[in-house]
Amino acid sequence: MKTRMGVLLLAGVLALAGCGGGGHGRDINDPSNSLVFGYVDMADAPTKVTGAQIRQVAPPTDKPYWGTDVKDGLFYTYYLPPGSYQLATLHGSSFLRGEHQYNLGRQGGDTGVRIDKPGIYFLGAYKYKTVKSGMFEQSKFGIERVPTPREAELLQKLLDSDAELKNSVWADKIRQRIARLKK
Amino acid sequence: MRAPAALVALLALAACAPAPRAPLTSLSALGSDEVVVVGKVELVPALRKGEQKIRGMVVGNFENTVYLMMDEKLRPLPQDPRIADYAGRIEARFGSTFFVRSKAAPSYILGGILFLEIGGQSQEKIYFPGGFQVAAKPGDRAVYVGTLRYQRDEFFEFQRITVVDEYKEASAEFQARFGSGQALRKALMVRVKQ
């Protein structure tokens, strides 16, 4: 199983600009939008995940980071225009362990997606893995692809938990997608 | 707290890193057991404007430059190279011919490292596959090893790696730099099974 490696940063205060499902001023019903979502199990991580950012790697842009909404490990945004994207960072904090930023590297397409036409794109389900690092090395971590939860389950959860989404053009598209996945 | 480790590592690299292979301007500066290695690295497509972010006070040549990590023995390049691994690296500016002083003996390109982002809390490195033999040999004074062309996608995954023979152009540059009449032996890099 391929593990995508990253660097874990611990800081008192982190700049979390771009967190939350901000869509760079785009409308939720914009027909060129795509819904991109994924899941990460942070059971073995120092914190839960409260924020995630997706990096636009093509076409070139001055504002490559797209915030996502996060619910119990499920992260998603429904504002992405056609292009190529990859999961960039996860954020989390806990009272005892402080603020953490989990940076995934720029290299590699295994948490990436190429959007040629608007639609629903699943980045996959992952599990956080601790990676041993030396005393003077940056703290590292990995995320490993896992088979569950499945795409249909996550889409249903999305539909059940996001009122804005439920009242948008996405509701029908998601239901259709779930139906196709369950065939 | 280990957050500044990226910065510490980079400072250590800048301050303590062993020297790269020195660029050469005159063949008379070569020792009897030395050779000038001539070659080039290309990235296709090239780095876009703003794709590499070098911020703050940084010592070293990072811009549009890949560090070719070299060794006399073929070995895998560690995921997090130690400072010692940078010894004798070739600092190859993409698209420019390099002329570096080396030992007149076979050596290997273990891999390449491009610092895509420096500054802030972390650094971002891109790893280039290696495993190429540079077939210099005793008695050589100048060896042309070819253009190492890396074709990448938008995720920095390498789709194709080729060694391209641009001897004619490189030889012209070589003659302009070191004078006509100097021999440049062609010995294109070969990928070796590890």
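A quick note: this is a predicted structure, and the numbers were derived from the prediction, not measured. (Residues numbered from 1 in each chain as written. Chains lettered and ligands numbered in written order. Predicted model: local features only at pLDDT ≥ 70, side-chain atom pairs only at ≥ 80, totals over all residues. Heavy atoms only, no water.)

Q: Tell me about the overall build of chain A, and name the residues and values.
A: Within chain A one finds three helices and 11 strands. Listed N to C, the secondary structure of chain A is β-β-β-β-β-β-β-β-β-β-β-α-α-α in terms of helices and strands. Buried positions account for 51% of the 183 residues belonging to chain A. The contacts in chain A between residues at least 6 apart in sequence include a share of 73% that link residues at least 24 apart. (Helix = DSSP H or I, 4+ residues; strand = E, 2+ residues; numbered from the N terminus. Buried < 20%, exposed > 50% of the residue type's maximum accessible area, 1.4 Å probe, protein only. Contact = heavy atoms within 4.5 Å.)

Q: A description of the environment of Val143(B) should follow, citing residues and the corresponding values.
A: Along the polypeptide, Val143(B) turns up in strand β8 (residues 142-152). With near-sequence residues (within four places) excluded, Val143(B) lies in contact with Val35(B), Val36(B), Val37(B), Val38(B), Ala136(B), Leu184(B), Arg185(B) and Ala187(B).

Q: Now, about the nonpolar core: what can you tell me, with residues and values included?
A: Leu35(A), Phe37(A) and Ile174(A) are the most contacted members of the largest nonpolar core, which totals 45 residues. For Leu35(A), the residues in contact, after removing those within four places along its chain, are Tyr76(A), Thr77(A), Tyr78(A), Gly119(A), Ile120(A), Tyr121(A), Leu155(A), Leu158(A), Trp170(A) and Ile174(A). Counting residues in each nonpolar core, the second largest holds 30 residues, with Val35(B), Leu47(B), Phe98(B) and Ala104(B) among its members. (Core = buried A, V, L, I, M, F, W, Y, C linked by side-chain atoms within 4.5 Å.)

Q: Outline the side chain of His91(A), supporting the account with residue identities and numerical values.
A: With respect to the helices and strands, His91(A) occurs in strand β7 (residues 83-94). In terms of polar contacts, His91(A) uses its side chain to reach the side chain of Thr89(A), at 3.3 Å. (Polar contact = N/O pair within 3.5 Å; in protein donor to acceptor, adjacent residues only side chain to side chain.)

Q: So, the pattern of salt bridges: which residues are in play, and what are the values?
A: When the charged atoms of two side chains with opposite charge come close together, those side chains can pair. Tallied over the full model, the rule gives 26 salt bridges over all chains. For Arg26(A), the salt bridge goes to Asp30(A), with nearest N and O atoms at 3.8 Å. Assessed through its relative accessible area of 24%, Asp30(A) is described here as partly exposed. Residue Glu166(B) pairs with Lys40(B) through a salt bridge whose shortest N-O separation is 3.6 Å. Highlighted residues: Glu166(B) in the loop between β9 (158-164) and α2 (167-178) and Lys40(B) in strand β1 (residues 34-44), separated in sequence by 126 residues. In this pair, the class of Glu166(B) matches that of Lys40(B), namely buried. (Salt bridge = Lys/Arg side-chain N within 4 Å of Asp/Glu carboxyl O.)

Q: An account of the environment of Val66(B) is needed here, citing residue identities and associated values.
A: All names here are of chain B. The topology assignment puts Val-66 in strand β3 (residues 65-71). A relative accessible area of 0% means that Val-66 is categorised as buried. A C-alpha to C-alpha distance of 23 Å links Val-66 and Glu-34, two positions 32 residues apart in sequence. If sequence neighbours within four positions are ignored, Val-66 has contacts with Val-41, Ile-90, Glu-91, Ala-92, Phe-94, Gly-112, Ile-113, Leu-114 and Phe-128.

Q: Summarise the confidence of the model for chain B; cite the residues concerned and give the values.
A: On average, residues of chain B score 90 in pLDDT, and 91% of them reach the 70 mark or higher. Reported for the predicted complex are a pTM of 0.87 and an ipTM of 0.85. (pLDDT = per-residue confidence, 0-100.)

Q: Talk me through unusual backbone geometry; I want residue IDs and the actual numbers.
A: Between Thr148(A) and the following residue, Pro149(A), the backbone shows a cis peptide bond with an omega angle of 0 degrees. Along the polypeptide, Pro149(A) turns up in the loop between β11 (139-146) and α1 (151-161). Residue Pro45(B) is reached from Val44(B) by a cis peptide bond, and omega for that bond is -5 degrees. Position of Pro45(B) relative to the elements: it lies in the loop between β1 and β2 (53-54). Even without a glycine there, the phi angle at Asp72(A) is positive, about 50 degrees. Positionally, Asp72(A) belongs in the loop between β5 (69-71) and β6 (74-80). Backbone geometry places Asn64(B), a non-glycine residue, at a positive phi of 55 degrees. For Asn64(B), the position within the fold is in the loop between β2 and β3. The partly exposed category is assigned to Asn64(B), whose relative accessible area is 24%.

Q: Can you lay out α2(B) for me, pointing to particular residues and giving the numbers?
A: Residue and element names in this part refer to chain B. Between its terminal C-alpha atoms α2 stretches 16 Å, which fits the 16 Å expected from 12 residues at 1.5 Å a residue. Buried residues belonging to α2 abut β1, β5 (98-103) and β8. Following α2 by one or two positions, Gly-179 has its phi on the positive side, about 100 degrees. (Expected span 1.5 Å × (residues − 1).)

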